[in-house]
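Descriptive analysis of the structure
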Amino acid sequence: MKHSYTTLLAAPLSNPKVAKNGKLGVLTAPMHLAPASVSGYSVCPMATKGCKAACLHTAGNPAYMKAKHKARVARTRHFFTERASFMARLVAEIAKHEKAAARVNMACGVRLNATSDIRWESVPCERDGKRFANIMLAFPDIQFYDYTKLTNRKGVPANYHLTFSLAENNDKAARLASDAGLNVAVAFHVTRNHPLPASYVIDGKALPVLDGDLHDYRPSDASGHIVGLRAKGRAIKEKSGFVRAV
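Residues numbered from 1 in each chain as written. Predicted model: local features only at pLDDT ≥ 70, side-chain atom pairs only at ≥ 80, totals over all residues. Heavy atoms only, no water.

Attention now goes to the nonpolar core. Formed by 34 residues in total, the largest nonpolar core has its most connected members in Leu90, Ile94, Leu112, Trp120, Ile135 and Phe144. Within the residue set of this core, elements represented by two or more residues are β1 (26-30), α3 (65-81), α4 (83-103), β2 (107-111), α5 (135-138) and β6 (160-165). It is α4 that contributes the most residues to this core, 7 residues altogether. Residues within four places of isoleucine 135 in sequence aside, it is in contact with Met87, Leu90, Val91, Ile94, Leu112, Val123, Cys125 and Phe144. Core analysis: the second largest hydrophobic core is formed by 15 residues, Phe164, Val186, Leu207 and Ile226 among them. (Core = buried A, V, L, I, M, F, W, Y, C linked by side-chain atoms within 4.5 Å. Buried < 20%, exposed > 50% of the residue type's maximum accessible area, 1.4 Å probe, protein only. Helix = DSSP H or I, 4+ residues; strand = E, 2+ residues; numbered from the N terminus. Contact = heavy atoms within 4.5 Å.)

What follows covers the packing of aromatic side chains. Counted according to the given criterion, the structure contains 6 aromatic pairs. Ring geometry for phenylalanine 79 and phenylalanine 86: centres 5.2 Å apart, planes at 75°, overall edge-to-face. Accessibility classification places phenylalanine 79 together with phenylalanine 86 in one group, the buried group. Through a chain of ring-to-ring contacts, the aromatic side chains of Tyr41, Phe79, Phe80, Phe86 and Trp120 assemble into a single cluster. Seen from the ring of phenylalanine 79, arginine 83 lies directly overhead, with NZ or CZ sitting 3.7 Å from the centre. Taking NZ or CZ as reference, arginine 83 lies 5.8 Å from the ring centre of phenylalanine 80, over its face. (Phe/Tyr/Trp six-rings, centres within 6.5 Å; stacked < 30°, edge-to-face > 60°. Lys NZ or Arg CZ within 6 Å of the ring centre and 35° of its normal.)

Here we take up the pattern of salt bridges. Taken as a whole and judged by the stated rule, the model has 16 salt bridges. A salt bridge links arginine 153 to glutamate 121; the nearest nitrogen and oxygen atoms lie 2.7 Å apart. Here arginine 153 is found in the loop between β5 (143-148) and β6, whereas its partner glutamate 121 is found in the loop between β2 and β3 (125-127), with 32 residues between them in sequence. When sorted by exposure, arginine 153 lands in the same class as glutamate 121, which is buried. For lysine 205, the salt bridge is made with aspartate 179, and the minimal N-O distance between the two is 2.8 Å. One end of the pair, lysine 205, is in strand β9 (residues 205-211); the other, aspartate 179, is in helix α6 (residues 171-179), with 26 residues separating them in the sequence. The exposure class of aspartate 179 is partly exposed, given its relative accessible area of 45%. (Salt bridge = Lys/Arg side-chain N within 4 Å of Asp/Glu carboxyl O.)

It is worth spelling out the pairing of β6 at this point. Burial within β6 is extensive, with 5 of its 6 residues counted as buried. When β5 meets β6, the two strands line up parallel, connected through 5 bridges. Among the inter-strand pairings, threonine 148 is bridged to a residue of β6, identified as phenylalanine 164. Sheet topology places β6 next to strand β7 (residues 184-188); 2 bridges connect them, and they run parallel. Residue pairing in the sheet places serine 165 in a bridge with alanine 185 of β7. (Pairing = 2+ DSSP bridges.)

Keep in mind these values describe shape, not function.
Here's what the structure looks like:
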């Protein structure tokens, strides 16, 4: 079946924040699916009212939104209705991206959940006739990373870095994630070019805040931190508590 999208992975420079990873010598390709249940299939099982309202799915030039929305829905439906062909295409695109990074002498990064929260460590694939438990094992030299609100991520490969996302109602889960060694991303009501707080308390635990807007490459972050993010787009006016006051 033909699907109405051009590629699964977006170009490394198409997302301004992901493009900043180049400052660290990392060429990163993100994948955008239709978030929450927009496509008719759920890709964000822990989605909240606040994160839906602030979702980056609507970010960018409004003139291109209709086309982006259509492509993201098509990708998501492909994933759920024809999993084998979807994964085969994803493997091919990641292999191409890995070669592109090597040509420019950069490390290779991939962010599969740019607008979703799928347990990719549980999705098998095939590469060069061999079957792998997940796509990270199929590409051991690539650093994968994502944000997640899921607390039951098990069997995560060493080359798959996760950062927990704070919402308006999951402080206890975020505290547990922090105790388990994950950094916690927090969106703050802080405008562009203004400083983030030096620290923030989650469920009684105070943690130092690093500036997560300098780049998107979370695997390079020091552990034991809050990843501070300034509210952008619709998130600036978000009032549910998903975006935290300073």
